[in-house]
Amino acid sequence: METTVRHHALSKNQKWTIASTSAGFALENMDVLFLSFALSSIIADLNINGAQAGLISSITNLGMLVGGILFGVIADRFGRVRTFSHTVFIFAFATAAMYFANSITLIYLCRFIAGIGAGGEYGVGITLIAENFNHHKIGKMTSIAAIGGQLGAILAAISAAFIIPALGWRALFLFGLIPVGLTYFIRRHLHESNEFLAAKKAETDPSKRVRVSALFKTPKLAYQTIALSVMVIVQIAGYFGLMNWLPSIMQQKLHLSVSGSSIWMIATIVGMSIGMMTFGSILDYFGPRLAFGIFLVCSALAVFSITLAVNEVTLLIAGAVLGFFSNGMFGGYGAVISRLYPTEIRSTANNVIVNIGRAIGGFSSVVIGFLMDHYSLIVVMGFLSVLYIISLCTMLTIPNLKKLGRA
């Protein structure tokens with residue numbers, strides 16, 4: 001009877017883990033895209049220039065890096081569940097505070113704080129998944145959580161379409177309070193994994209501090225951390241570059257009129273979501289080297305599919321195919337990082353590596369904007385293709401990925 005109860009409790013915790021992380025990632029992605037949809041209204045309302053507006057996103061990414069490092073260490077030291085709920089709480093209230101921001105300085109402050117919460121949430125959530133599921137399921141589960149983020153993008157698009165015209169851009173950010181309710185359920189129903197509790201119990205010195213330097217403790221470990229950071233930088237660079245500029249590329253470079261950009265967005269997000277599930281399954285069954293190898297090569301080729309689009313239908317298909325490969329890998333990074341780093345620094349590793357990728361890769365939209373001004377569409381897509389090849393070569397030099405084999 002006791003064994004049955006314990007098994008049932010574990011299954012229940014697994015369900016709450018995947019539900020909480022998926023919901024958290026969805027709400028985080030909603031928060032990020034609220035800014036994208038409201039940006040033109042913010043520029044007009046506060047009378048700011050393009051450089052000031054562009055800095056909002058950069059400051060958000062900087063906050064994510066700070067939050068990732070801070071809360072990664074806190075989660076490894078004091079626990080995943082409590083830290084996860086705190087990060088959700090922080091970005092929820094910082095997002096809602098945008099309603100009262102009447103100057104660009106206050107917007108910068110709100111976005112930096114929101115970034116701290118969002119940056120801390122990712123790695124802690126991924127670590128919760130990794131420690132509550134068997135290794136052969138981590139790829140699939142992290143992909144499901146990542147799909148939650150894509151659903152948040154769709155909800156953000158729908159919300160913005162109705163709220164901004166009727167109530168203004170400020171009202172949109174009040175939806176940031178929704179995650180506050182999520183923190184209640186997280187703290188009530190979610191529990192620390194047996195793996196984390198066992199690791200804390202086995203500590204010989206409970207007062208020992210978790211340090212970011214542990215990710216660079218040996219030359220081999222330092223190279224692994226840097227190499228994974230390069231891969232995530234490429235992942236984020238491709239995502240932000242494509243999502244920020246593809247609508248403009250469609251209209252300005254291909255001379256196509258796409259009726260209803262939301263249809264294109266939904267088609268691309270559906271492609272991303274299917275890609276995430278496919279990638280997660282390949283990773284779980286055949287290992288990360290084959291999974292990343294297939295998707296990185298296909299991403300390098302798929303970016304050129306946009307240049308072959310001749311009408312709206314083929315453009316939607318190209319967007320879905322590109323989304324399938326280019327962003328299908330996203331959930332896999334958390335799965336791989338979680339398996340390569342021990343329990344005591346796992347959350348720190350996830351947050352530091354991914355948020356370095358966000359902070360640096362987020363600037364790709366600036367580079368692509370420059371290339372679009374001075375070169376052809378082929379050159380722009382060639383730049384992205386080269387990035388994916390660099391990531392592929394980097395991935396092949398990480399020794400421990402080969403050792404993982406089948407998850």
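These numbers come from a predicted model, not from an experiment.

Our next topic: the overall build of the protein chain. A tally of helices and strands in the protein chain yields 17 helices and zero strands. When burial is assessed residue by residue, the protein chain has 55% of its 407 residues classed as buried. Total accessible area computed for the protein chain in this model is approximately 17400 Å², and 68% of it derives from carbon and sulfur atoms.

Time to look at the packing of helix α5 (residues 138-167) against helix α13 (residues 330-340). α13 packs onto α5 with a crossing angle of 135° between their chain directions and a minimal axis gap of 8 Å. In this view, α5 runs oblique relative to α13, as classed from their interaxial angle. In the crossing of α5 with α13, the sense of the turn from one axis to the other is right-handed. Along its contact with α5, which presents I138, G139, T142, S143 and A146, the element α13 presents F330, G331, A335 and R339. In terms of residue class, the contact of α5 with α13 is made up of four nonpolar, four polar and one charged.

What follows concerns the side chain of D76. By the secondary structure assignment, D76 is in helix α2 (residues 50-78). In this structure the side chain of D76 is engaged in a polar contact, spanning 2.6 Å, whose partner is the side chain of R80.

End to end, helix α4 (residues 104-132) covers 42 Å across 29 residues, agreeing with the expected 42 Å (1.5 Å per residue, within 8%). Of all 29 residues in α4, 24 are buried; the element is thus mostly enclosed.

Tracing the backbone through its elements, the reader meets G152 in helix α5. Not counting the four nearest positions on each side in its chain, G152 is found in contact with A26 and M30.

What follows deals with the nonpolar core. Counting residues in each nonpolar core, the largest one holds 67 residues, and the members touching the most others are L228, M231, F292, M329, Y341 and Y388. It is helix α9 (residues 219-253) that provides the largest number of residues to this core, a total of eleven residues.

What follows is about unusual backbone geometry. Even without glycine at this site, N47 takes up a positive phi of about 55°. By the element assignment, N47 lies in the loop between α1 (2-46) and α2. According to the relative accessible area criterion, N47 is exposed, its value standing at 70%.

Applying the stated rule across the entire model yields four salt bridges. In this structure, E131 and R80 form a salt bridge, with 2.6 Å as the shortest nitrogen-oxygen distance. One end of the pair, E131, is in helix α4; the other, R80, is in helix α3 (residues 80-96), with 51 residues separating them in the sequence. Here E131 and R80 have matching classes, each one buried. Ionic contacts of the salt-bridge type, sharing partners, join the residues D76, R80, E131 and R346 into one network.

The next point concerns the packing of aromatic side chains. Counted according to the given criterion, the structure contains twelve aromatic pairs. Geometrically, the ring pair formed by F292 and Y333 is tilted, given 5.0 Å between the ring centres and 50° between the ring planes. Residue F292 is found in helix α11 (residues 288-302), and its partner Y333 is found in helix α13; the two are separated by 41 residues along the sequence. Per residue, the accessibility class of F292 equals that of Y333, and both read buried. An aromatic cluster of three or more residues is present, and its members are F279, F292, F295, F324, F325 and Y333. We note R77 situated over the ring of F78; from NZ or CZ to the ring centre the distance is 5.3 Å.

Glancing now at α13. Three or four residues apart is the spacing at which side chains of an α-helix point the same way, because the helix has 3.6 residues per turn. For α13, the tally of buried residues reaches ten of eleven residues, placing the bulk of the element in the interior. Of the residues making up α13, those classed as buried are F330, G331, G332, Y333, G334, A335, V336, I337, S338 and L340.

Looking at the element boundaries, N132 is found in helix α4. Beyond its immediate stretch of four places on either side in the chain, N132 contacts N13, Q14, T17 and S193.

Right, let's talk about the environment of A101 for a bit. Tracing the backbone shows A101 in the loop between α3 and α4. Looking at A101, the relative accessible area reads 1%, which means it is buried. Separated by 69 residues in the primary sequence, A101 and R170 place their C-alpha atoms 8.4 Å from one another. Contact partners of A101, with chain neighbours within four places excluded, come to L106, I107, W169 and R170.

Detail in the predicted coordinates should be disregarded across regions flagged by low pLDDT. In the predicted model, the protein chain carries a mean pLDDT of 82, and 88% of its residues have values of at least 70. Summarising per-element confidence for the protein chain, the mean pLDDT is lowest in helix α7 (residues 178-189) (70) and highest in α11 (94). This stretch, residues 1-10, has a pLDDT under 50; its non-local contacts, to residues over four places away or in other chains, come to zero contacts.

The next subject is the environment of N102. Here N102 lies in the loop between α3 and α4. A residue is classified by how much of its surface remains accessible, and N102, at 55% relative accessible area, is exposed. Residues N102 and R170 lie 68 residues apart in sequence; the distance between their C-alpha atoms is 9.7 Å. Not counting residues up to four positions away in its chain, the partners in contact with N102 are L46 and R170.

Among the surface-exposed residues, F89, F93, Y99, F100, L174 and L177 lie close enough to one another that they form a single nonpolar patch of about 580 Å² accessible area. Tracing the backbone shows F100 in the loop between α3 and α4. Given a relative accessible area of 60%, F100 falls into the exposed group.

Calculation criteria
Residues numbered from 1 in each chain as written. Predicted model: local features only at pLDDT ≥ 70, side-chain atom pairs only at ≥ 80, totals over all residues. Heavy atoms only, no water. Helix = DSSP H or I, 4+ residues; strand = E, 2+ residues; numbered from the N terminus. Buried < 20%, exposed > 50% of the residue type's maximum accessible area, 1.4 Å probe, protein only. Areas by Shrake-Rupley, 256 points an atom, 1.4 Å probe, with all protein chains shown as cover. Axes fitted to C-alpha atoms, helices over the stretch in contact; angles between N-to-C directions. Parallel < 35°, antiparallel > 145°, perpendicular 65-115°, else oblique. Left-handed = near helix turned anticlockwise from the far one by under 90°. Contact = heavy atoms within 4.5 Å. Nonpolar A, V, L, I, M, F, W, Y, C, P; charged D, E, K, R; others polar. Polar contact = N/O pair within 3.5 Å; in protein donor to acceptor, adjacent residues only side chain to side chain. Expected span 1.5 Å × (residues − 1). Core = buried A, V, L, I, M, F, W, Y, C linked by side-chain atoms within 4.5 Å. Salt bridge = Lys/Arg side-chain N within 4 Å of Asp/Glu carboxyl O. Phe/Tyr/Trp six-rings, centres within 6.5 Å; stacked < 30°, edge-to-face > 60°. Lys NZ or Arg CZ within 6 Å of the ring centre and 35° of its normal. pLDDT = per-residue confidence, 0-100. Patch = residues over 30% accessible without salt bridge, like charges linked within 9 Å, V, L, I, M, F, W, Y side chains within 5 Å.

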